[in-house]
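Coordinate analysis (summary)
Okay, here's what each chain looks like letter by letter:
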Amino acid sequence: MRAIATIFAVLAAGFSASPIVAQQAAEPKVNMVIVYGNDKCPESDGETIVVCPRLDEGERYRIPPSLRTSQAPANEAWTQRVRSLEYVGQSGTMSCSPVGVGGWTGCAGRLIDQAYAEKATGPGVRAGELIAAEREKRLAGIDAEAAETQALVEQQEEQLIARRKLEEQASGLPVQSEPAVPAPAPATKPD
């Protein structure tokens, strides 16, 4: 019994003056406060050291940079999770797998889906835009050319009317403002 009491006494004496406890008592507390823009850093008291890293005012309400990105599976988008689960355990007809009776039948569908995806994002999309722009340019040229032709035709008609007026005035006949349009022939009944 006495041996046990001695062991407890030695252990109690060793833990009461451990170097870790003495070291913690000697170090002052450190308070780290992030300040934004022109905010004032709080002053320290005698027991606490205050450290103030200063960030831009635009960062005030943003998520801290260390927490913005993460590779954790919990941060994976639902669409990616569903897409990865879509093919798990898929076998047989329309699966494009060597397992099952009709596993090969889904390969053509998968190739077609890939082709449409490549077509939607490929360089041909840009070529289609260039073709559409060129068509617009050509149509604008055709419209301008048609307007020029119409103006030329109207000018020639005015010159023709002016020439007819001059000819009629020279011959002494009454002047007509517009060329005479022949009257329609009366409708006759077939016999």
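Notes on the structure follow. Numbering of residues starts from 1 in every chain and runs along the sequence as written. Whole-chain, interface and lining totals are the exception, using all residues; otherwise, since this is a predicted model, local features are given only for residues with pLDDT of at least 70 and side-chain atom pairs are given and counted only at 80 or more. Hydrogens and water are ignored here; the side-chain numbers use all heavy atoms of the structure.

**Some words on the overall build of the protein chain**
Strands are runs of DSSP state E lasting at least two residues, helices are runs of H or I lasting at least four, and both sets are numbered from the N terminus onward. Counting its regular elements, the protein chain contains six helices and four strands. Ordered by position from the N terminus, the helices and strands of the protein chain form the series α-α-β-β-β-β-α-α-α-α. A buried classification covers 7% of the 191 residues belonging to the protein chain. For this analysis, residues touch if any pair of their heavy atoms sits within 4.5 Å. Once local pairs closer than 6 in sequence are excluded, the contacts in the protein chain between residues at least 24 apart make up 1%. Summed over all atoms, the accessible surface of the protein chain reaches about 17,200 Å², with 61% contributed by carbon and sulfur. For every residue, the accessible area obtained with a 1.4 Å probe (protein chains only) is divided by the maximum for its type, and the residue is called buried under 20%, exposed over 50%, and partly exposed between those limits. Note on areas: these come from Shrake-Rupley sampling with a 1.4 Å probe, and a residue is covered only by the protein chains present in the view.

**A closer look at the pattern of salt bridges**
When a carboxyl oxygen of Asp or Glu is within 4 Å of a side-chain nitrogen of Lys or Arg, the pair counts as a salt bridge. Across all of its chains, the model carries six salt bridges by this definition. When the shortest N-O distance is used, the salt bridge between Arg-60 and Glu-57 registers 2.8 Å. Residue class for Arg-60 comes out partly exposed when judged on its relative accessible area of 24%. For Glu-57, a relative accessible area of 40% translates into the label partly exposed. Across the pair Glu-134 and Arg-138 runs a salt bridge whose closest N-O atoms are separated by 3.9 Å. Taken together, the residues Glu-134 and Arg-138, both in helix α6 (residues 124-171) and four residues apart, mark about one turn of the helix. In this structure Glu-134 comes out as partly exposed when scored by relative accessible area, which is 33%. Note on Arg-138: relative accessible area 59%, which makes it exposed.

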